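# An overview of the molecular structure
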Amino acid sequence: MSAAAHHSPNPPILNSFASKDELAIHLAEFVVKAQKESIDKKGRFTIAISGGSLPNMLKGLIPNPAVKWDKWQVFYVDERAVPLDHPDSNHHACTTALFSKVPIPKENIHPLDPTLLDDLEELSDSYEKELIKEFAQRDSARFPVFDLILLGMGPDGHTASLFPGHELLAEDDRWVAYLQDSPKPPPKRITFTFPVINHAARVAFVAAGAEKIDVLPDVLDKPELGLPAARVRPTFPGQLYWFVDDAASAKVNLARTPFRL
Ligand SMILES: O=C1O[C@H](COP(=O)(O)O)[C@@H](O)[C@H](O)[C@H]1O
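Residues numbered from 1 in each chain as written. Predicted model: local features only at pLDDT ≥ 70, side-chain atom pairs only at ≥ 80, totals over all residues.

## Quick look at the overall build of the chain
When you go through the chain residue by residue, the secondary structure sums to seven helices and 10 strands. Compactness check: the chain gives a C-alpha radius of gyration of 17 Å against a globular reference of 18 Å for 261 residues, within 12% of the reference. C-alpha atoms of the chain, sized along the principal axes, occupy 45 × 45 × 40 Å. Here the chain, with 261 residues, has 41% of them falling under the buried criterion. (Helix = DSSP H or I, 4+ residues; strand = E, 2+ residues; numbered from the N terminus. Rg over C-alpha atoms; globule rule 2.2 N^0.38 Å. Buried ≥ 20, exposed ≤ 12 C-beta atoms within 10 Å, placed from the backbone.)

## Re the sheet that holds strand β4 (residues 78–80)
As summarised here, the arrangement of the three strands in space is β4-β8-β7, forming an open sheet in which the pairing is antiparallel. Each edge of the open sheet is held by one strand with a lone partner, namely β4 and β7 (176–179). Taken over all neighbouring pairs, the strand axes of this sheet differ in orientation by 15 degrees on average, direction set aside. Pairing of β7 with strand β8 (residues 189–192), which is carried by four bridges, proceeds in the antiparallel orientation. (Pairing = 2+ DSSP bridges. Axes fitted to C-alpha atoms, helices over the stretch in contact; angles between N-to-C directions.)

## Some points on the environment of P11
In this fold, P11 is placed in the loop between α1 (3–6) and β1 (13–17). Between the C-alpha atoms of P11 and L54, which are 43 residues apart in sequence, the distance is 23 Å.

## Describing the confidence of the model for the chain
The predicted model of the chain has a mean per-residue pLDDT of 95, with 96% of residues at 70 or higher. Per the prediction output, this complex has pTM 0.96; the corresponding ipTM is 0.99. (pLDDT = per-residue confidence, 0-100.)

## Observations concerning helix α2 (residues 20–42)
Its 23 residues place the ends of α2 32 Å apart at the C-alpha level, agreeing with the 33 Å of an ideal helix rising 1.5 Å per residue. Of the surrounding secondary structure, the elements contacted by the buried residues of α2 are β1, β2 (45–49), β6 (148–151), β9 (202–207) and β10 (239–245). Immediately beyond the C-terminal end of α2, within one or two residues, lies G43, with a positive phi of roughly 80 degrees. (Expected span 1.5 Å × (residues − 1). Contact = placed C-beta atoms within 7 Å.)

## Topic: unusual backbone geometry
Here the bond from P185 into P186 is cis, since omega is -5 degrees, no more than 30 degrees from zero. Mapped onto the elements of the fold, P186 is located in the loop between β7 and β8. Residues F236 and P237 are joined by a peptide bond in cis, for which omega reads 10 degrees. You can see P237 is positioned in the loop between α6 (215–220) and β10. Backbone geometry places A160, a non-glycine residue, at a positive phi of 50 degrees. Positionally, A160 belongs in the loop between β6 and β7.

## Comments concerning helix α3 (residues 90–97)
Of all the residues in α3, the buried ones are N90, H91, A93 and C94. Buried residues along α3 cover an arc of 160 degrees about the axis, so they all sit on one side. Looking at the packing, one finds that the buried side of α3 touches β2, β3 (72–76) and β4. (Arc of directions from axis to C-beta.)

## Section: the sheet that holds β10
Pairing within the open sheet is parallel, and its seven strands lie in the order β1-β10-β9-β6-β2-β3-β5. Only two strands of the sheet have a single neighbouring strand rather than two, namely β1 and β5 (109–110).

## A closer look at the nonpolar core
Ranked by size, the top nonpolar core spans 72 residues in total, and within it I149 and V206 carry the most contacts. Broken down by element, this core gets its largest block of residues, seven residues, from α2. (Core = buried A, V, L, I, M, F, W, Y, C linked by C-beta atoms within 7 Å.)

## Regarding the environment of G152
By the element assignment, G152 lies in the loop between β6 and β7. A C-alpha to C-alpha distance of 22 Å links G152 and F236, two positions 84 residues apart in sequence. Sequence-distant contacts of G152, defined by excluding residues within four places in its chain, comprise S50, G52, S53, L54, T159, V206 and A207.

## So, the pairing of β2
Both faces of the sheet carry side chains from a regular strand, because those side chains alternate between them. Of all five residues in β2, five are buried; the element is thus mostly enclosed. Residues F45, I47 and I49 line one face of β2 and the alternating positions T46 and A48 line the opposite face, and both faces are buried. Sheet topology places β2 next to β3; five bridges connect them, and they run parallel. Directly across from A48, in β3, lies its bridge partner F75. Pairing between β2 and β6: two bridges, direction parallel. Opposite I47, over in β6, you have L148 as the bridge partner.

Here it is, written out as structure tokens:
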């Protein structure tokens, strides 16, 4: 095998489930397994979570005694520049759907600094510093290596707050960037950049519902279109997973993988 082939990204693993409920059950099993492997290896689990429809898909973690909440360090893949209790806040969505229902220590959750909402540059810089505190002293890598990043995907193919045609698609230096022109409201946001997403050990997309049916083949079967979600290709040996339901994957040609842990 050539050196280039050796370093190619692993092919994505596509899991498609009959219903959103089934997806949620298996997603929880997957997260718990990733958590166990990470804690066994290093005593902690670093996870970054998206907003939108994703927090509600994590309900399978709530009754699960295998989750070691005190070992989790939780960051947000992207966040809207709004107060932490605002209905548009991804932190608010995750708190409502999950964190208010489980015994996770408050200090293990890393929301944006709400005192900096009027200065997006400061806001993204401070979130980058929050990541540096967690990762830089432990890992000498150029970018943080999350144990797991959970992503969503909009019907336009955006992921995190990385939108089709946006200049942030080319950001290759910053860990956290900001935008004030998000085509999806609210316009002001901060977001992980592709290098951070693509350095994770595992990245899992969660996309369910018929509103994703047309974009999913564009991402999975025609990556050359360059939609933001198709630019997620974790650096070897990182692994990309897709957790979708059959309503979303009906038009996809890429082979499904039978779900296994
Ligand atoms: O605006 C956002 O949208 C994406 C996708 O949301 P979904 O509701 O279609 O799942 C989400 O992943 C991201 O975190 C959020 O800020």
